[in-house]
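So the chains spell out like this:
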Amino acid sequence: MSPTQAGHPSVPFLDLAAGVAATRTEVQAAIDRVLTRGWFVLGPEVDAFEQAFAAYVGARHGVGVASGTDALHLALRACGIGPGDEVITVPNTAVATVAAIEMAGARPVFADIDPITMNMAPASAAAAITPHTKALLPVHLYGQTADLHPLLELARDHGLRLIEDACQAHGALHRGRPVGGIGDIGCFSFYPTKNLGGYGDGGMAVTSDPHLAERLRLLRAYGWAERDRSVIRGVNSRLDELQAAILRVKLTHLDTWTTVRRALASRYQNALATAGWLTLPGDISYGRHVYHLFVVRTTQRDAFRQHLAERGIGTLVHYPTPIYLQDAYRDLGVTQGACPIAEQAAAQIVSLPLHPHLSEAEVDLVTEAVLAFTPA
Ligand SMILES: *Cc1c(COP(=O)(O)O)cnc(C)c1O
């Protein structure tokens, strides 16, 4: 808790410095190890982290790359997806998901979402399939699994790839299995704010298909089968040894942090159960939520955010504008009304503070402030 100017306690949306303190000694030892070794990009730390993280999500192979965006971009390219192809995703995601589809040269097509989970609605995805469709790209939004069973069935029936955007869902479960290890390729980000975050950019694509793993390895480093021998056109998207060493340390804490996130979420759920004007997130029958974000909904979102801001409570909106309505993507020709459920959600959602270094007392400050809001 840090005092606001008025002297009241405040709760920032995120506190990355508190996270640093929790593992500082171990991380410093890992950094020292890398400095002593003098090997800085794609080396033993990356190898070890790839193995550990792939095993964590139940995949055979992990390929470390420079970001979650690149994991998605290279996953699509590894599947041979490019110009002329369509990839079905959702409009309520990080712009990175759509940027990655376009980096591969393919066209993003938007499916609407389920009104409860706010993840890809299988029926809407089915309706979006055309002869050009090559892949489904559902997002495990906010840390909760997408409804993968019907999506996998759809992919199988239409000969499509299923690529998981698991950038917000490290350790989330779908019917008992970790997400990311279920589709053809799972994509993760290790951006500092993610549930497993480094101290810089990083990402990983995981797969149990040895052919796709090989393609991913080639693509991330100039298409090199060996030094100076390019067998396909690749890019430079490598994970560095410092990030991998830091992430190896942090991976050993991930389950504990997930447990804390879930306990704090449950504290919010209990305290806010009586606020009938507020819709709360929660587990679904087929999944375990890891609460990357704790996203509530109200029809009076803007007034509610203002109320919380006046009480020193930091909130954010993930995400305020469906991607096809953003200026940069107007030329896709997708207009207002294309995904009505996603558009309605965008106007109602707000993310409350939730991270593993938030205290129960801070959650209580937030819930007191929430309950002091009088809906009009
Ligand atoms: C963070 C994120 C990405 C992109 O990851 P970067 O590492 O920032 O490139 C992609 N998709 C989703 C859903 C994300 O949350």
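Keep in mind it's a predicted model, so treat the numbers as computed, not measured.

Chemist: It is not clear to me how the site of the ligand should be interpreted in this structure. Could you clarify?
Modeler: Around the ligand, a shell composed of 13 residues is seen, among which G68, T69, D165, S189 and K194 lie nearest. Out of a free accessible area of 380 Å², the ligand has 90% covered by protein chains. Mapping the ligand onto the cavity grids shows that it belongs to the largest pocket. Contributions of two or more residues to the shell around the ligand are made by α3 (68-78) and α4 (95-103). When its residues are assigned to classes, the shell around the ligand shows four nonpolar, seven polar and two charged.

Chemist: Teacher, can you tell me more about helix α7 (residues 210-220) here?
Modeler: Every α-helix winds through 3.6 residues per turn, so residues three or four apart in the chain are directed the same way. Inspection of α7 places L212, A213, L216, L218, L219 and R220 among the buried residues, and these make up the whole buried set. The first or second residue beyond α7 is Y222, which carries a positive phi of 60°.

Chemist: How should the packing of aromatic side chains be read in this particular structure?
Modeler: In this description, a pair of aromatic rings is defined by centroid distance and the angle of the planes. Throughout the structure, instances matching the rule amount to twelve aromatic pairs. Summarising the aromatic geometry, the rings of F53 and F190 are spaced 5.3 Å apart at their centres and angled 90° between planes, so their arrangement reads as edge-to-face. Within this pair, whereas F53 is found in helix α2 (residues 44-56), its partner F190 is found in the loop between β10 (185-189) and β11 (203-207), the two being separated by 137 residues in sequence. Relative to F373, the ring of W277 lies with its centre 5.3 Å away and its plane at 55°, an arrangement referred to as tilted. With W277 in the loop between α9 (254-272) and β14 (287-288) and F373 in the segment after α12 (360-371), this pair connects stretches of sequence that are 96 residues apart. Residue W277 is classed as partly exposed on the basis of its relative accessible area, which comes to 23%. Given a relative accessible area of 10%, F373 falls into the buried group. Chaining the aromatic ring pairs together yields one cluster made of F49, F53, Y56, F188 and F190.

Chemist: Would you take a moment to explain the sheet that holds strand β4 (residues 86-89) for this structure?
Modeler: If you trace the seven strands from one edge of the open sheet to the other, you get β3-β11-β10-β7-β6-β4-β5, paired in mixed fashion. The sheet terminates laterally at β3 (61-65) and β5 (107-110), the two strands that pair on one side only. Each neighbouring strand pair of the sheet contributes to a mean axis angle of 25°, computed without reference to strand direction. Sheet topology note: the β4/β5 ladder contains four bridges and is parallel. Each residue of the ladder has a partner; that of V87, found in β5, is P108. The strands touched by helix α6 (residues 148-158) within the sheet are β6 (133-136) and β7 (161-165), with β7 carrying the most contacts at an inclination of about 150°. The sheet contacts of α7 involve β3, β7, β10 and β11, and relative to β3 the element is tilted by about 15°.

Chemist: Can you walk me through the pairing of strand β16 (residues 349-352) in this structure?
Modeler: Each regular strand carries side chains that alternate between the two faces of the sheet. Of the two faces of β16, both are covered, the one formed by I349 and S351 as well as the one formed by V350 and L352. Inspection of the sheet shows strand β15 (residues 294-297) paired to β16 by four bridges, in the antiparallel sense. Counterpart to R297 in the pairing with β16 is I349.

Chemist: Could you clarify how one ought to interpret the sheet that holds strand β9 (residues 177-178) in this entry?
Modeler: By definition, the strands of a sheet pair up through backbone hydrogen bonds, in either a parallel or an antiparallel sense. Sheet architecture is open: three strands sit in the order β9-β8-β14, paired in antiparallel fashion. What marks the edges here is a single partner per strand, and that holds for β9 and β14. Sheet topology note: the strand β8 (residues 173-174)/β14 ladder contains two bridges and is antiparallel. For H174, the partnering residue across the bridge sits in β14 and is G287.

Chemist: Would you take a moment to explain the state of the cysteines for this structure?
Modeler: The term disulfide refers to a covalent linkage connecting the sulfur atoms of a pair of cysteines. Applying the stated criterion across every chain, the model contains zero disulfides. We note that C167 lacks a disulfide partner, and the nearest cysteine sulfur, in C187, lies 6.6 Å from it. Accessibility expressed as a relative area gives 7% for C167, which makes it buried.

Chemist: What is the right way to read the domain arrangement of the protein from this model?
Modeler: Domains assigned within the protein are domain 1 (21-111 + 119-251) and domain 2 (253-371). Between domain 1 and domain 2, the C-alpha centre-to-centre distance is 24 Å. At the interface, 38 residues of domain 1 touch 30 residues of domain 2. Linking domain 1 to domain 2 there are zero salt bridges. Joining domain 1 to domain 2, the criterion identifies 19 residue pairs in polar contact (both at pLDDT 80 or more). Listing elements by their share of the side of domain 1 that touches domain 2, those giving two or more residues are α1 (16-37), α4, β5, β8 and α8 (241-251). Looking at the side of domain 1 that touches domain 2 element by element, the count peaks at four residues for α4. Its residues placed into classes, the side of domain 1 that touches domain 2 shows 19 nonpolar, twelve polar and seven charged.

Chemist: Sorry, what's going on with the nonpolar core here?
Modeler: The nonpolar side chains of a soluble globular protein tend to be buried, and buried together. Judged by nonpolar contacts, the single largest core of 38 residues is most densely connected at I88, L136 and L151. Secondary-structure elements contributing two or more residues to this core are β5, α5 (122-128), α6 and α11 (340-348). The element that contributes the greatest number of residues to this core is α6, accounting for four residues. Two domains each donate at least three residues to this core, and these are domain 1 (21-111 + 119-251) and domain 2 (253-371). Those residues within four positions of L136 in sequence are excluded, and the remaining contacts are I88, L151, L154, A155, L160, R161, L162 and I163. Core analysis: the next-biggest nonpolar cluster, separate from the first, contains 24 residues, L74, A75, V87 and C187 among them.

Reading guide: rules and limits
Residues numbered from 1 in each chain as written. Predicted model: local features only at pLDDT ≥ 70, side-chain atom pairs only at ≥ 80, totals over all residues. Heavy atoms only, no water. Near = heavy atom within 4 Å. Areas by Shrake-Rupley, 256 points an atom, 1.4 Å probe, with all protein chains shown as cover. 1 Å grid on protein atoms, 1.4 Å probe; cavity = no way out; pocket = protein on both sides within 12 Å on 5 of 7 lines; lining within 4 Å. Sits in = over half its atoms within 2 Å of the grid points. Helix = DSSP H or I, 4+ residues; strand = E, 2+ residues; numbered from the N terminus. Nonpolar A, V, L, I, M, F, W, Y, C, P; charged D, E, K, R; others polar. Buried < 20%, exposed > 50% of the residue type's maximum accessible area, 1.4 Å probe, protein only. Phe/Tyr/Trp six-rings, centres within 6.5 Å; stacked < 30°, edge-to-face > 60°. Pairing = 2+ DSSP bridges. Axes fitted to C-alpha atoms, helices over the stretch in contact; angles between N-to-C directions. Contact = heavy atoms within 4.5 Å. Disulfide = S-S within 2.5 Å. Domains from an automatic or database assignment. Salt bridge = Lys/Arg side-chain N within 4 Å of Asp/Glu carboxyl O. Polar contact = N/O pair within 3.5 Å; in protein donor to acceptor, adjacent residues only side chain to side chain. Core = buried A, V, L, I, M, F, W, Y, C linked by side-chain atoms within 4.5 Å.

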